[in-house]
Amino acid sequence: MKNKLIFIIIAVVVAIAIIALGAVLFLRNTGDTVISLGNAKGLAGDIVEIPLTIDKNVGIWGGQILINYDSDNLSFLSIDNSEVFDQCEVNDTGDCVAILATQLELEDSHFDGNIATLKFKIKVSADKGEYTLDFNEESNFCNKDEEMITPEFVSGKITVK
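Residues numbered from 1 in each chain as written. Predicted model: local features only at pLDDT ≥ 70, side-chain atom pairs only at ≥ 80, totals over all residues. Heavy atoms only, no water.

(A) How the structure looks around the pattern of salt bridges. Within this structure, the stated rule accounts for four salt bridges. Two residues, D80 and K119, come together in a salt bridge whose shortest N-O distance is 3.6 Å. In this pair, D80 is assigned in strand β5 (residues 74-81) and K119 in strand β8 (residues 113-122), connecting sequence segments 39 residues apart. Residue classification places D80 among the partly exposed positions, given a relative accessible area of 37%. Across the pair K144 and E107 runs a salt bridge whose closest N-O atoms are separated by 3.9 Å. Linking K144 in the loop between β10 (140-142) and β11 (148-149) with E107 in the loop between β7 (96-102) and β8, this pair joins segments that are 37 residues apart in sequence. For K144, a relative accessible area of 33% corresponds to the partly exposed category. On the accessibility criterion, E107 (47% relative accessible area) is partly exposed. Each of the salt bridges in this network shares a partner with another, and the network as a whole consists of E49, D80 and K119. (Salt bridge = Lys/Arg side-chain N within 4 Å of Asp/Glu carboxyl O. Helix = DSSP H or I, 4+ residues; strand = E, 2+ residues; numbered from the N terminus. Buried < 20%, exposed > 50% of the residue type's maximum accessible area, 1.4 Å probe, protein only.)

(B) Region of interest: the sheet that holds β5. Strand order across the open sheet formed by five strands is β5-β8-β3-β1-β12, with mixed pairing between neighbours. At either end of the open sheet lies a strand with only one pairing partner, and these are β5 and β12 (152-154). With strand direction ignored, the average angle separating the axes of adjacent strands in the sheet is 20 degrees. As paired strands, strand β3 (residues 47-55) and β8 are joined by eight bridges and run antiparallel to one another. Counterpart to I54 in the pairing with β8 is G113. (Pairing = 2+ DSSP bridges. Axes fitted to C-alpha atoms, helices over the stretch in contact; angles between N-to-C directions.)

(C) Structural view of the packing of aromatic side chains. Using the criterion set out here, one finds four aromatic pairs in the structure. Note on Y69 and F120: the rings are 5.2 Å apart at their centroids and 65 degrees apart in plane angle, and the pair reads as edge-to-face. Placement of Y69 in the loop between β4 (62-68) and β5 and of F120 in strand β8 is noted, with a sequence separation of 51 residues between them. Using a relative accessible area of 7% as the deciding quantity, one classes Y69 as buried. Measuring from ring centre to ring centre gives 6.2 Å for F141 and F153, while their planes differ by 35 degrees; the resulting arrangement is tilted. Residue F141 is located in strand β10, and its partner F153 is located in strand β12; the two are separated by 12 residues in the primary sequence. When its relative accessible area of 30% is taken as the criterion, F153 is described as partly exposed. Taken together, the ring pairs connect Y69, F76 and F120 into an aromatic cluster. (Phe/Tyr/Trp six-rings, centres within 6.5 Å; stacked < 30°, edge-to-face > 60°.)

(D) Structural context of the nonpolar core. One finds L52, I99, I115, L118, F120 and L133 to be the most contacted residues of the largest nonpolar core, which totals 33 residues. Of all the elements in the fold, those that place two or more residues in this core are β1 (34-37), β3, β4, β5, β7, β8, β9 (129-135) and β13 (156-160). Ranked by the residues each element gives to this core, the list is headed by β8, at five residues. Not counting residues up to four positions away in its chain, the partners in contact with L118 are V48, E49, I50, L52, I67, F76, S78, V97 and I99. (Core = buried A, V, L, I, M, F, W, Y, C linked by side-chain atoms within 4.5 Å. Contact = heavy atoms within 4.5 Å.)

(E) Broad picture of the side chain of N73. If you trace the backbone, N73 turns up in the loop between β4 and β5. A residue is classified by how much of its surface remains accessible, and N73, at 12% relative accessible area, is buried. Separated by 3.0 Å, the side chains of N73 and D70 make a polar contact. Setting aside chain neighbours within four positions, we find N73 in contact with K121, I122, K123, S125, A126, D127 and Y131. (Polar contact = N/O pair within 3.5 Å; in protein donor to acceptor, adjacent residues only side chain to side chain.)

Right, dumping it as structure tokens:
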């Protein structure tokens, strides 16, 4: 009888642990996909790196990411692709960086992490202060079935000291 009671107690504890773990995993994977720009600090003339990240990726085949910046005080230099998408092509119009991020195959990326790292030069004439990096409202994403994905966008900033 005592062994049966111990077995029941252990079974209940294990069941509670499994339910709790399931709840944590469920909560981690709910909510909107978030695409964020990081922050950086530097002096006039410095080169700074800004991470572009994704969290809670629901499955994206590709997208167009448009990032507005203050071209009077910042110059876009380059982009380094990371692990989320197979390729990132970039075009700079002088005050907006356009990034086309896609998979090579017709498969959605489900990875979270760093989409790319953007490099900006703070112009030597830049005043001290904060310069916002905003997502343009025409940024858009879709999955392999051509269904639009609407992430939450979080702007970044470059602070000139």
